[in-house]
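Architecture and fold: a report
Now for the letters of each chain:
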Protein chains: 2
Amino acid sequence: MFPDRLAKVAARVAAHLGEAMAPLGAEPVAEGMRYASAGGKRLRAFLVMEGARLHGVPDDQAIWAASAVECLHAYSLVHDDLPCMDDDDLRRGLPTVHRKWDEATAVLVGDALQAFSFELLAREECSPDAQVRADLVLSMARAAGAQGMVLGQALDIAAESVARPLTLDEITRLQAGKTGALITWSASAGARLAGADAGPLAAYGDALGLAFQIADDVLDVEGDPAALGKAVGKDEEAGKATFVSLLGLDAAKRRAQELADTGCEALSGYGAEAECLREAARFVIAREM
Amino acid sequence: MFPDRLAKVAARVAAHLGEAMAPLGAEPVAEGMRYASAGGKRLRAFLVMEGARLHGVPDDQAIWAASAVECLHAYSLVHDDLPCMDDDDLRRGLPTVHRKWDEATAVLVGDALQAFSFELLAREECSPDAQVRADLVLSMARAAGAQGMVLGQALDIAAESVARPLTLDEITRLQAGKTGALITWSASAGARLAGADAGPLAAYGDALGLAFQIADDVLDVEGDPAALGKAVGKDEEAGKATFVSLLGLDAAKRRAQELADTGCEALSGYGAEAECLREAARFVIAREM
């Protein structure tokens with residue numbers, strides 16, 4: 001059920017972004033925005049769409065918030081790949097934006113994608129209720145900014161210049177910003193779209209985001225590079241603290257499982273309707289996606 | 001009247017940003033945001049506050065949009081100063097963010113400032129009317145993005161790698177994006193805050209933005225480096241097309257004057273109440289600010 005729905009969301013986001021970005025023309029920055037926002041698993045968009053479905057929000061409204069968070073995520077990857085940040089040449093097997101174009105274009109593509117995310121949320125098609133649109137913008141701005149995703153990125157970079165490895169508390173705070181804030185926002189957006197209590201979905205998102213990061217660290221130790229499409233063992237080589245180096249492999253796996261369980265329990269009020277989100281949590285810790 | 005009001009707006013923005021940024025704590029990115037958003041003439045904030053005053057919007061609401069546009073402007077300067085962009089070491093006589101911290105921090109400070117701009121607009125304090133907040137976000141996102149400010153930046157960078165100088169049409173389009181879109185947004189924000197027709201203020205902003213850029217080009221030719229606090233003659237040295245190189249010095253000055261007149265005329269419906277905005281247009285072309 002989950003892989004099928006994820007694939008459908010991915011196709012829908014691609015089509016929607018194609019339409020939404022059409023008016024931007026063929027300038028290099030617009031082309032870079034299309035390039036950078038193409039592909040990816042679309043987990044964040046899936047979370048938006050599923051949360052919206054649970055709250056009876058029509059797909060053709062929810063797709064705007066789903067596309068918005070994918071653009072925000074894409075911008076963060078473009079800037080994260082820059083030479084002054086992680087300095088990556090490849091992303092999803094393709095040249096990163098600054099390799100395909102140049103650094104200046106990559107900075108601008110990321111900047112324009114961020115603005116575009118907020119544009120998508122503020123458009124009337126996203127919700128007929130202006131209060132909902134303003135709430136989505138406010139919550140995404142906070143998740144994206146200096147107390148959310150950007151803070152996580154900054155902590156990640158700062159960690160590289162510290163002589164000692166991070167503690168468990170520090171790495172948890174880093175993760176909560178870098179990937180957690182946006183995943184939590186995505187999970188809770190459906191409730192926000194309905195003007196409903198976003199608490200349970202946000203609790204699910206918090207647990208899912210952390211489980212996702214722990215699973216990522218586990219994969220970096222025992223994953224198959226061919227299946228993953230990226231090198232493994234990078235963190236250990238770099239002497240970087242990870243959930244695995246801090247907890248040990250078995251305890252890290254147990255922690256991810258506990259978090260997935262916690263996430264599923266947070267959805268109890270939704271009953272069987274939330275089964276696909278529960279399945280997503282199980283997939284995320286197995287990383288069979 | 002204008003210099004006095006501009007100074008009052010500058011003080012008010014500084015105080016407001018101090019409060020609004022207090023919850024961000026003392027992380028390097030938050031400190032960088034404070035550093036980058038301090039100082040400057042605050043012309044954009046002034047335009048927001050004056051437009052709001054003309055429409056009877058209370059200062060303590062308008063200050064949120066005024067601070068938002070100053071943060072957006074500040075982000076664009078931080079990224080524009082990066083080594084891969086204009087590669088500037090100084091901004092307003094102080095080290096640029098990437099010189100004071102490092103490039104990664106500068107990328108993140110700009111990113112966080114952009115998110116913060118939208119946060120300020122989406123907060124309830126900005127306007128009790130959610131429709132107004134969503135409209136401010138939507139219009140600012142468009143002014144900031146791939147068809148506004150970022151497009152202008154990209155055209156500016158692309159111009160450097162073209163063998164021939166830009167034409168008048170090209171440079172006008174570049175300016176309309178790079179500085180014009182945000183100035184027009186600032187001028188029209190007051191009408192938006194009141195839910196009124198933003199047409200006349202936007203027309204004023206269009207003319208003012210272009211006049212501002214032409215005056216900048218004139219200053220680069222005949223300005224006093226000591227009074228300006230920056231080097232002059234840079235454009236000519238770089239063989240860059242400017243309004244002066246394309247029109248000639250006298251015709252450029254006349255064009256700036258015509259634009260200032262056009263801007264003032266667009267305000268006729270506001271009568272004597274708009275005198276301070278008219279004065280701003282006259283100051284801008286004389287660049288006695």
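Residues numbered from 1 in each chain as written. Chains lettered and ligands numbered in written order. Predicted model: local features only at pLDDT ≥ 70, side-chain atom pairs only at ≥ 80, totals over all residues. Heavy atoms only, no water.

This paragraph deals with the overall build of chain A. The helix and strand tally for chain A stands at 15 helices and two strands. With the C-alpha coordinates aligned to their principal axes, the bounding extent of chain A is approximately 50 × 50 × 35 Å. Across the 289 residues of chain A, 55% fall into the buried class. For chain A, contacts bridging at least 24 residues in sequence account for 71% of all contacts bridging at least 6. In the form shown here, chain A has an accessible surface area of approximately 11300 Å², with 52% of it arising from carbon and sulfur atoms. Of the charged side chains in chain A, 28 are positive and 44 negative, and the gap between their average positions amounts to 2 Å. (Helix = DSSP H or I, 4+ residues; strand = E, 2+ residues; numbered from the N terminus. Buried < 20%, exposed > 50% of the residue type's maximum accessible area, 1.4 Å probe, protein only. Contact = heavy atoms within 4.5 Å. Areas by Shrake-Rupley, 256 points an atom, 1.4 Å probe, with all protein chains shown as cover. Lys, Arg positive; Asp, Glu negative; His and termini not counted. Charge placed at Lys NZ, Arg CZ, Asp CG, Glu CD.)

Take unusual backbone geometry next. Located in the positive-phi region is A:Asp87, a residue other than glycine, with phi close to 55°. Mapped onto the elements of the fold, A:Asp87 is located in the loop between helix 4 (59-80) and strand 1 (90-91). With a relative accessible area of 43%, A:Asp87 lands in the partly exposed category. For B:Arg92, which is not glycine, the phi dihedral falls at a positive 50°. With respect to the secondary-structure elements, B:Arg92 resides in the loop between strand 1 (90-91) and strand 2 (94-95).

Once that is clear, we can look at the interface of chain A and chain B. Counting from both sides, the interface comprises 41 residues of chain A and, opposite them, 41 residues of chain B. Roughly 3400 Å² of surface becomes buried between chain A and chain B when both sides are summed, with 69% attributable to carbon and sulfur atoms. Summed over the shared surface of chain A and chain B, the number is four salt bridges. For the salt bridge of B:Glu119 with A:Arg142, the shortest nitrogen-to-oxygen distance reads 3.2 Å. With 11 residues, helix 6 (residues 103-122) of chain A is the single largest residue contributor to the side of chain A that touches chain B. (Buried area = accessible area lost by both parts, 1.4 Å probe. Salt bridge = Lys/Arg side-chain N within 4 Å of Asp/Glu carboxyl O.)

A word on the packing of aromatic side chains. Residues and elements named next belong to chain A. Under the counting rule described, the total for this entry stands at seven aromatic pairs over all chains. With 5.3 Å between their ring centres and 80° between their planes, Tyr35 and Trp101 make a pair best called edge-to-face. Within this pair, whereas Tyr35 is found in helix 2 (residues 28-37), its partner Trp101 is found in the loop between helix 5 (97-100) and helix 6, the two being separated by 66 residues in sequence. By relative accessible area, Tyr35 is classed as partly exposed at 22%. The class of Trp101 is partly exposed, set by a relative accessible area of 27%. Here Lys100 stacks its cationic end above the ring of Trp101, 5.9 Å away from the centre of that ring. (Phe/Tyr/Trp six-rings, centres within 6.5 Å; stacked < 30°, edge-to-face > 60°. Lys NZ or Arg CZ within 6 Å of the ring centre and 35° of its normal.)

Least-squares fitting of chain A to chain B yields an RMSD of 0.0 Å, with the transformation described by 0.0 Å of translation along the axis and a rotation of 180°. Expressed as a symmetry operation, the mapping of one chain copy onto the other fits a two-fold axis. Residue by residue, 100% of the interface of chain A is reproduced at the interface of chain B, so both copies engage with the same surface. (Least-squares fit on C-alpha atoms with pLDDT ≥ 70 in both.)

The terminal C-alpha atoms of helix 4 of chain A, which comprises 22 residues, lie 31 Å apart, in line with the 32 Å expected from a rise of 1.5 Å per residue. By the criterion of burial, helix 4 of chain A is predominantly enclosed, with 19 of the 22 residues buried. (Expected span 1.5 Å × (residues − 1).)

Turning to helix 6 of chain A, a few remarks are in order. Every α-helix winds through 3.6 residues per turn, so residues three or four apart in the chain are directed the same way. Residues and elements named next belong to chain A. Between the first and last C-alpha of helix 6 there are 29 Å, a value that for 20 residues agrees with the 28 Å anticipated at 1.5 Å per step. For helix 6, the tally of buried residues reaches 19 of 20 residues, placing the bulk of the element in the interior. One side-chain oxygen at the N-terminal end of helix 6 lies 3.3 Å from the backbone nitrogen of Ala104; it belongs to Asp102. (Polar contact = N/O pair within 3.5 Å; in protein donor to acceptor, adjacent residues only side chain to side chain.)

Turning our attention to the confidence of the model for chain A. Confidence in the prediction for chain A averages 94 pLDDT; 96% of positions are at 70 or higher. Our summary of model confidence lists the complex with pTM equal to 0.96 and ipTM equal to 0.96. (pLDDT = per-residue confidence, 0-100.)

Residue and element names in this part refer to chain B. Interhelical geometry of helix 3 (residues 43-54) versus helix 10 (residues 199-222) gives an angle of 155° and a closest axis separation of 12 Å. Between helix 3 and helix 10, the interaxial angle falls into the category roughly antiparallel. Note on packing geometry: the crossing formed by helix 3 with helix 10 is right-handed. For the pair formed by helix 3 and helix 10, the contact residues are Leu43, Leu47, Gly51 and Leu54 on the first element and Leu201, Tyr204, Leu208 and Phe212 on the second. Along the lines of polarity and charge, the residues of the contact of helix 3 with helix 10 split into seven nonpolar, one polar and no charged. (Axes fitted to C-alpha atoms, helices over the stretch in contact; angles between N-to-C directions. Parallel < 35°, antiparallel > 145°, perpendicular 65-115°, else oblique. Left-handed = near helix turned anticlockwise from the far one by under 90°. Nonpolar A, V, L, I, M, F, W, Y, C, P; charged D, E, K, R; others polar.)

Here B:Glu27 is to be found in the loop between helix 1 (2-21) and helix 2 (28-36). Taking C-alpha positions, B:Glu27 is 45 Å from B:Leu168, a pair spaced 141 residues apart along the chain. Each residue touching B:Glu27, except ones within four places of it in the same chain, is listed here: A:Leu151, A:Leu155 and A:Arg173.

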